[in-house]
Amino acid sequence: VDESGLHLKVVQHPDGQWYSSEVYLLSSLGPGYGKYTFDIDGRLDQLDKNLVAAPFLYQDDTHEIDIEHSFWAGESGDNNLYYTVQPYDKSGNQQTQPLTLNNGLFQDIIDWQPDKIIFSTKQNGNTLSTFTYTGSTDGTTNNFTPGKEGVHINFWQYQGLNPANTTSSEIIIKNFAF
């Protein structure tokens, strides 16, 4: 952390090993419901195909509200933005699409309300993408109980793969607001 913000990196150490980074809060920020805004500096639309950058709310592996930026090792084609309520493979729980950013700051937003979750990505006051989750297409929801979630931000290697471009990468969290 410095005057620029919180630096999250995927780097190769002198021992040859690659390391990823994650930060998280140990407890909920209160009622759980509310707007979580992450101001991010980094061209996540040009992210190495083996890396994932994600601000998210987490209780456990089946209770998670995610925004993920990744090409998933090339498995996703052109899609590099994922709005997900776990489990991701339940119909209606995930929206994917290609995202193009300009240089500079952008925002990922999770607006968690009792009856829906509104995901959005904005840059320079413009909404680049949005998805409103109201439940799975089978009528079930996984909107877990507020007060048990923790805010997480991670920058990691998909399936432990080294960056394809073999260079270190960094994103900067300029601000977080709840």
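Refer to the structure presented above.
Cut-off values and rules
Residues numbered from 1 in each chain as written. Predicted model: local features only at pLDDT ≥ 70, side-chain atom pairs only at ≥ 80, totals over all residues. Heavy atoms only, no water. Helix = DSSP H or I, 4+ residues; strand = E, 2+ residues; numbered from the N terminus. Rg over C-alpha atoms; globule rule 2.2 N^0.38 Å. Buried < 20%, exposed > 50% of the residue type's maximum accessible area, 1.4 Å probe, protein only. Contact = heavy atoms within 4.5 Å. Patch = residues over 30% accessible without salt bridge, like charges linked within 9 Å, V, L, I, M, F, W, Y side chains within 5 Å. Areas by Shrake-Rupley, 256 points an atom, 1.4 Å probe, with all protein chains shown as cover. Salt bridge = Lys/Arg side-chain N within 4 Å of Asp/Glu carboxyl O. Pairing = 2+ DSSP bridges. Axes fitted to C-alpha atoms, helices over the stretch in contact; angles between N-to-C directions.

Draft legend 1. Quick look at the overall build of the protein. A count of helical and extended segments in the protein gives zero helices and 13 strands. Along its sequence from the N terminus, the protein presents helices and strands in the succession β-β-β-β-β-β-β-β-β-β-β-β-β. What you see for the protein is a C-alpha radius of gyration of 16 Å, in line with the 16 Å of a compact globule of 178 residues. Projected onto its principal axes, the C-alpha positions of the protein cover 50 × 35 × 35 Å. A buried classification covers 44% of the 178 residues belonging to the protein. Sequence separation of at least 24 residues holds for 64% of the intrachain contacts in the protein that already meet a minimum separation of 6.

Draft legend 2. Quick peek at a nonpolar patch on the surface. A cluster of nonpolar residues, Leu25, Leu29 and Phe178, forms a patch on the protein surface that exposes about 240 Å² of accessible area. Within the element layout of this structure, Leu29 appears in the loop between strand S3 (21–24) and strand S4 (34–41).

Draft legend 3. How the structure looks around the sheet that holds strand S7 (residues 81–85). Strand order across the open sheet formed by six strands is S3-S12-S5-S6-S7-S8, with antiparallel pairing between neighbours. Taken across any chain shown, the strands that pair with only one partner, and hence form the sheet edges, are S3 and strand S8 (94–97). This sheet shows a mean twist of 10 degrees between the axes of neighbouring strands, independent of strand direction. Summarising the sheet, strand S5 (residues 51–60) and strand S6 (residues 63–70) pair through six bridges and their orientation is antiparallel. Within S6, the residue paired with Phe56 across the bridge is Asp66.

Draft legend 4. The arrangement of the pairing of strand S12 (residues 150–157) in detail. A large share of S12 lies buried, amounting to seven of its eight residues. With four bridges connecting them, S3 and S12 associate as antiparallel partners. Its bridge partner being in S12, Tyr24 is matched across the sheet by His152. Of the strand pairs in this sheet, S5 and S12 are connected by eight bridges, and their pairing is antiparallel. Across the sheet, residue Ala54 finds its bridge partner in S12, namely Asn154.

Draft legend 5. Representation of the sheet that holds strand S13 (residues 169–177) within the structure. Taken together, seven strands build an open sheet; the order of strands is S2-S1-S13-S4-S9-S10-S11 and the sheet is antiparallel. Because the sheet does not close on itself, it has two edges, and the strands there are strand S2 (18–19) and strand S11 (126–133). Sheet topology places strand S1 (residues 6–12) next to S13; five bridges connect them, and they run antiparallel. Paired with His7 across the strands is Ile172, a residue of S13.

Draft legend 6. Representation of the environment of Val11. Relative to the helices and strands, Val11 is located in strand S1. Spatially, the C-alpha atoms of Val11 and Trp156 are 9.9 Å apart, while their sequence positions differ by 145 residues. Each residue touching Val11, except ones within four places of it in the same chain, is listed here: Gln17, Trp18, Tyr19 and Ser168.

Draft legend 7. Region of the structure containing unusual backbone geometry. Put simply, Gln86 and Pro87 share a cis peptide bond, and its omega is 5 degrees. Structurally, the position occupied by Pro87 is in the loop between S7 and S8. Residue Thr166 is not a glycine yet carries a positive backbone phi of 55 degrees. Inspection of the secondary structure puts Thr166 in the loop between S12 and S13. Its relative accessible area of 58% is what places Thr166 among the exposed residues.

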